[in-house]
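Here is what each chain is made of, one letter per residue.
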Amino acid sequence: MSKQAYHASILHFLDDPDKVGQCQSYEYFEDGLLVIEDGKIVTVGEASKLVTQIQPDQIFDYRGQLLLPGLIDTHTHYPQTEMIASYGEQLLTWLETYTFPTEAKFGDEDYASTIAELFLDELLKNGTTTALAFPTVHVQSVDAFFEAAERRNLRMISGKVLMDRNAPENLRDTVETAYSDSKELIERWHNHGRLQYAVTPRFAPTSSEAQLEAAGVLLKETPGIYFHTHLAENLREIAWVKDLFPNSKNYLDCYDQFGLLGKQSIFAHCIHLEDSEWARLRETGSKIAHCPTSNLFLGSGLFQINRAVSENIDIGLGTDVGAGNTFSLLKVMADAYKVQQLNQNLFSSFKALYLATLGGARCLNLDKSIGNFLPGKEADFIVIDKEPDDFLAFRMQRCGSLLEEIFTLIMLGDDRCIRATYICGEVAHLRNEHQRA
Ligand SMILES: [Zn+2]
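These numbers come from a predicted model, not from an experiment. (Residues numbered from 1 in each chain as written. Predicted model: local features only at pLDDT ≥ 70, side-chain atom pairs only at ≥ 80, totals over all residues. Heavy atoms only, no water.)

Caption draft 1: Seen up close, the coordination of the zinc ion. Those donors, His75 (NE2), His77 (NE2), His230 (NE2) and Asp320 (OD), are the protein atoms that reach the zinc ion, and they lie 2.1 to 2.3 Å from it. Each of the four donor atoms around the zinc ion contributes to a set of angles spanning 90 to 173 degrees, which defines the coordination as irregular. Spacing between the donor residues of the zinc ion along the chain follows H-x1-H-x152-H-x89-D. With histidine 77 in strand E5 (residues 71–77) and histidine 230 in strand E10 (residues 226–231), this pair connects stretches of sequence that are 153 residues apart. (Donors = N, O, S within 2.8 Å, 3.2 Å for Na, K, Ca; no water. Tetrahedral: all angles 85-135°; square planar, octahedral: opposite > 155°, others 65-115°. Helix = DSSP H or I, 4+ residues; strand = E, 2+ residues; numbered from the N terminus.)

Caption draft 2: Looking closely at the environment of isoleucine 406. Checked against the element boundaries, isoleucine 406 lands in helix H18 (residues 402–412). Assessed through its relative accessible area of 1%, isoleucine 406 is described here as buried. Measuring from C-alpha to C-alpha, the distance between isoleucine 406 and glycine 193 comes to 34 Å, with 213 residues separating the pair along the chain. For isoleucine 406, the residues in contact, after removing those within four places along its chain, are Leu11, Leu66, Ser349, Phe350 and Leu353. (Buried < 20%, exposed > 50% of the residue type's maximum accessible area, 1.4 Å probe, protein only. Contact = heavy atoms within 4.5 Å.)

Caption draft 3: Layout of the pairing of strand E6 (residues 128–134). Taken across its seven residues, E6 has seven buried, putting it largely inside the fold. Where E5 and E6 come together, five bridges link them in parallel fashion. Among the inter-strand pairings, leucine 71 is bridged to a residue of E6, identified as threonine 128. Pairing geometry for E6 and strand E7 (residues 155–158), over four bridges, is parallel. Bridged to alanine 133 within E7 is serine 158. Handedness of the E6-helix H6 (residues 139–151)-E7 crossover: right-handed. (Pairing = 2+ DSSP bridges. Right-handed = clockwise from strand over helix to strand, strands pointing away.)

Caption draft 4: Inspection of the side chain of serine 208 at higher detail. By the element assignment, serine 208 lies in the loop between strand E9 (195–201) and helix H8 (209–221). Of the polar contacts made by the side chain of serine 208, one reaches the side chain of aspartate 164; its length is 2.6 Å. When sequence neighbours within four positions are dropped, the list of residues in contact with serine 208 reads Asp164, Arg165 and Val175. (Polar contact = N/O pair within 3.5 Å; in protein donor to acceptor, adjacent residues only side chain to side chain.)

Caption draft 5: Spotlight on the domain arrangement of the chain. By the assigned domains, the chain splits into domain 1 (3–70 + 372–435) and domain 2 (71–363). Put simply, the middle of domain 1 and the middle of domain 2, counted by C-alpha atoms, are 29 Å apart. Between domain 1 and domain 2 lies a buried interface of about 2,900 Å² when both sides are counted; carbon and sulfur atoms form 68% of it. One can count six salt bridges joining domain 1 with domain 2. For arginine 362, the salt bridge goes to aspartate 15, with nearest N and O atoms at 2.9 Å. (Domains from an automatic or database assignment. Buried area = accessible area lost by both parts, 1.4 Å probe. Salt bridge = Lys/Arg side-chain N within 4 Å of Asp/Glu carboxyl O.)

Caption draft 6: Focus on the sheet that holds strand E14 (residues 381–384). Strands sit in the order E3-E2-E1-E4-E14-E15-E16 across an open sheet of seven strands; the sheet is mixed. Unpaired on one side and paired on the other, strand E3 (40–46) and strand E16 (426–430) mark the two borders of the sheet. Across the sheet, the mean angle from the axis of one strand to that of its neighbour is 35 degrees, orientation sign disregarded. As paired elements, strand E2 (residues 26–37) and E3 share six bridges and run antiparallel to each other. Directly across from glutamate 37, in E3, lies its bridge partner lysine 40. (Axes fitted to C-alpha atoms, helices over the stretch in contact; angles between N-to-C directions.)

So this is what it looks like as structure tokens:
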């Protein structure tokens, strides 16, 4: 089999900067070589040493550019692609005004396919190679998403939304159909190639206790599937949950009492948690998807990253499209920094990039397969052009260190900087030359 090598500056993370210290957390090869074979990583290191040892069949010259592992979006909604950047509501009115009318269209599989393709194009254009994505309540929306992801050989996680109350009639399922439809979809898609399934109630207010109980049964019956939902995003939402679940100790307990916590469980937002909720997330190894862009957009609040670090809870970054008004995880990293500024916390650019790569992979328990360039992992990677136009070139040339360059990239970068996106060693996106300034 032929070995391909990519000659570039190469950066990847080996561990969490908050756990091992920044210097120990990453490897950087200024003149590096990434070698792959059959879509998997063979090795990474200094080009001068590896070229003679490995003798690749083909070398791609990306010198002057930066190779990173593909970015990982731990919380997003593909059906909300068309309502991104809609004006002016907070969570509950946003759902009623924009989300529900949009999601009602996804019972039509052709429509769902069109949007799934558009969504995946945007992900690849922005350097995102894996996502944990909400579809809608419709089986067709799940099939459309997984079929589109399969055609592109993408590593994706999704699962039918469960919603049997407090939603329009045409978006409601029942306890029985939630279970039977999910069961069929799990059979069809879970561990099918690079695809995996997540049991996905929208959030506690739109599921009855009986439906959350059924979700727990689904999790028990298929070890290894994911659980994905929202938690403690907005204060009005939390007050509503207290009314709807008078017997629950707190918001998280609505899920906990039905066995929905664990290391395969990812909760989006987690902005307004009580101490006992932090403790249960920690005890159960549950994960958090932090979505700063969405949290600012909907005015939901400021997530406490430092609390998650001190509780030793894995977090990843999420765009939360369409309440997040960008597909770019670079922009989400910039917003994560700003949210921590408002919390009076330091948040380094290396921590941000860790969370968007290896940290995201750990959050999704996929770090054996993706997240960095260790041998044997799947070769999903991106080529970053740090100087896609005259102004970024001007600013980058004033950076004195790698750390400064990464911070500048995060603060000023977007899809212009994604020169190429590779999936298992195959080109999935190449930025058109004519788009360059
Ligand atoms: Zn969301």
